[in-house]
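# Chains, contacts and geometry: an overview
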Amino acid sequence: MRKDVVVDVSPADRPRLEAIVADRNSPQKHVWRARIILLTAAGVGTVEITRRVGKSKNCVWRWQERFMQNGVEGLLRDKTRPSRIAPLDDVVSERVVALTRTDPPGETTHWTGAMMAKAAGISVSSVQRIWRTHGLQPHRVRQFKLSNDPQFVDKLRDVVGLYVDPPAHAIVLSVDEKSQIQALDRTQPGLPMKKGRAGTMTHDYKRNGTTTLFAALNVFDGTVIGRNMQRHRHQEFIRFLNVIEARVPAGKLVHVILDNYAAHKHPKVMAWLGRHPRFTFHFTPTSCSWLNAVEGFFAKLTRRRLKRGVFRSIVDLQEAINRFLDEHNVQPKPFTWTADPDKIIAAVRRGHQVLDSIH
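Below is a summary of the structure that appears in this document. Along every chain, residues carry numbers that run from 1 in the direction the sequence is written. In view of the model being predicted, local features appear only for residues whose pLDDT reaches at least 70, and side-chain atom pairs are presented and counted only at 80 or more, with totals across whole chains, interfaces and linings using the full set of residues. As a rule here, side-chain values come from all non-hydrogen atoms in the structure, and water together with hydrogens is ignored.

### Topic: the overall build of the protein chain
Note the following rule: Secondary structure elements follow DSSP: runs of H or I of four or more residues count as helices, runs of E of two or more count as strands, with numbering from the N terminus. Note that the radius of gyration is over C-alpha atoms, with the globule rule given as 2.2 Å times the number of residues to the power 0.38. Any two residues whose heavy atoms approach within 4.5 Å at even a single point are treated as in contact. Computed with the Shrake-Rupley method and a 1.4 Å probe, the accessible areas treat only the protein chains shown as cover for residues. By the counting scheme adopted, Arg and Lys are positive, Glu and Asp are negative, and His together with the chain ends is not counted. Taken as the charge location is NZ of Lys, CZ of Arg, CG of Asp or CD of Glu.
For the protein chain, the count of helices and strands is 13 helices and 5 strands. Here the C-alpha radius of gyration of the protein chain, 34 Å, is well above what a compact globule of 359 residues would show, namely 21 Å. Its C-alpha atoms give the protein chain principal-axis dimensions of roughly 105 × 50 × 50 Å. Across the protein chain, contacts joining residues at least 24 apart in sequence account for 67% of those joining residues at least 6 apart. By element, 52% of the accessible surface of the protein chain is carried by carbon and sulfur atoms, the whole surface being about 22,600 Å². Seen as two clouds, the 57 positive and the 34 negative side-chain charges of the protein chain have centres 7 Å apart.

### Regarding the packing of aromatic side chains
Short version of the rule: The pairing test for Phe, Tyr and Trp rings, Trp by its six-membered ring, is centres within 6.5 Å, and the orientation test on the planes gives stacked under 30 degrees, edge-to-face over 60, and tilted for anything in between. When accessible area is computed with a 1.4 Å probe and restricted to protein chains, residues below 20% of their type maximum are described as buried, those above 50% as exposed, and intermediate ones as partly exposed. In our convention, an over-ring charge means Lys NZ or Arg CZ found within 6 Å of a ring centre and within 35 degrees of that ring's normal.
Using the criterion set out here, one finds 9 aromatic pairs in the structure. Where Phe-237 meets Phe-281, the ring centres are 6.4 Å apart and the plane angle is 55 degrees; that geometry is what we call tilted. Highlighted residues: Phe-237 in helix H9 (residues 234-247) and Phe-281 in strand S5 (residues 279-283), separated in sequence by 44 residues. As far as burial versus exposure is concerned, Phe-237 and Phe-281 are alike and both buried. Over the ring of Trp-32 we find Arg-33; its NZ or CZ atom is 5.6 Å from the centre of that ring. The ring of Phe-283 has Lys-265 lying over it, and the distance from NZ or CZ to the ring centre is 4.8 Å.

### A closer look at the environment of Glu-295
Along the chain, the position of Glu-295 falls in helix H11 (residues 294-306). For Glu-295, a relative accessible area of 26% corresponds to the partly exposed category. Considering only alpha carbons, one finds Glu-295 and Leu-217, 78 residues apart in sequence, at a separation of 9.3 Å. If near-sequence neighbours (up to four positions away) are discounted, Glu-295 is found in contact with Asp-176 and Ser-289.

### Description of the pairing of S5
For a regular strand, the rule is simple: side chains alternate between the two faces of the sheet. Worth spelling out the cut-off: Whether two strands pair depends on DSSP finding at least two bridges between them. Look down the strands so they point away from you; if going from the first strand over the helix to the second traces a clockwise path, that crossover is right-handed.
Burial within S5 is extensive, with 4 of its 5 residues counted as buried. As defined by bridge partners, strand S4 (residues 253-258) adjoins S5 across 5 bridges and the pair is classed as parallel. What sits directly across from Val-256, in S5, is Phe-281. Read from S4 through helix H10 (residues 267-275) to S5, the crossover connection turns out right-handed.

### Concerning the packing of helix H5 (residues 90-100) against helix H6 (residues 113-120)
Selection rule: Every angle, taken between N-to-C directions, lies between 0 and 180 degrees, and every axis is a line fitted to C-alpha atoms, over only the stretch in contact when it is a helix. Geometric relationships in this document are graded by angle, where less than 35 degrees denotes roughly parallel, more than 145 denotes roughly antiparallel, 65 to 115 denotes roughly perpendicular, and other angles denote oblique. Two helices that cross are described as forming a left-handed crossing if the nearer one is turned anticlockwise from the farther one by less than a right angle, and a right-handed crossing if clockwise.
At their nearest, the axes of H5 and H6 sit 11 Å apart, and the two run at 130 degrees to each other. When the axis of H5 is compared with that of H6, the two are oblique. Considering the relative orientation of H5 and H6, their crossing is right-handed. Counted together, Arg-95, Val-96, Leu-99 and Thr-100 of H5 and Met-116, Ala-119 and Ala-120 of H6 form the full contact between these two elements.

In structure tokens form, the structure reads like this:
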């Protein structure tokens, strides 16, 4: 041991060092650092310490000095070292950000990391780091559609009002149809999932026809009235309205939320509505199908039953949909609206302002 090295382990530090050595979950670098200090405090020489911990003399001396200066905390923290690569200049980062917001050269639709690295003269990892820092994701795109309905605000508040504060002695139904549901059969059987391998299914398929699901979601209790039909014209829609009329208890007013599909506004549908005064239609604004609560059920049906399903006929498909409806109605969940309509209206107005400024 060097004469200028005096390692004094206090009664408070010794249990911490011994706990680090004894703990099996301690990082190994912390373990051998703590052993160096404990051996030094026990009077063991430098040569013997290097033999026991398998480190060089300079390493032993370094951590002895670190403990003398910073105590146990100094052993648990590595000193920061300057990078061997100089950091990028702010001018380079600003140039990458500016280029990312412009159209890429040639017949390409968006920037890639390799393209930007070549254009900016830096590495791909540097480009990705700059994009991550500034929240830029040129490889992603989000779809949108702003409603141009002149009665957007009134219709939005009408529909949201039914969700939040429904009328007394009435039932609110969110009605829509999921058309063109394909009965797809795979050309080869898929392999089941096992350890180290996901389940498989062929990329090609055989079409066995299509069906249309008419559905009415009861906003109060979450139950769904469904009926499979071959087409989705006004004739089928009237037949489905008759199903709803038979299923809803007598004496209950029925408020139906619909989108602006032509079949929903057909003259014969309006005539049917005149013959059934307890029914009231509430139309969502144009391009606002997301406002219809039943769309969430359709998404659940697609994700959990249809996307990976194998159907050898239309009958097979319709039976699977009916079983899914039955299972859903066993444990339904009421629909709860949480979005603030004022924030939606403000966002749509901002969107129109941006579009107007662009055009």
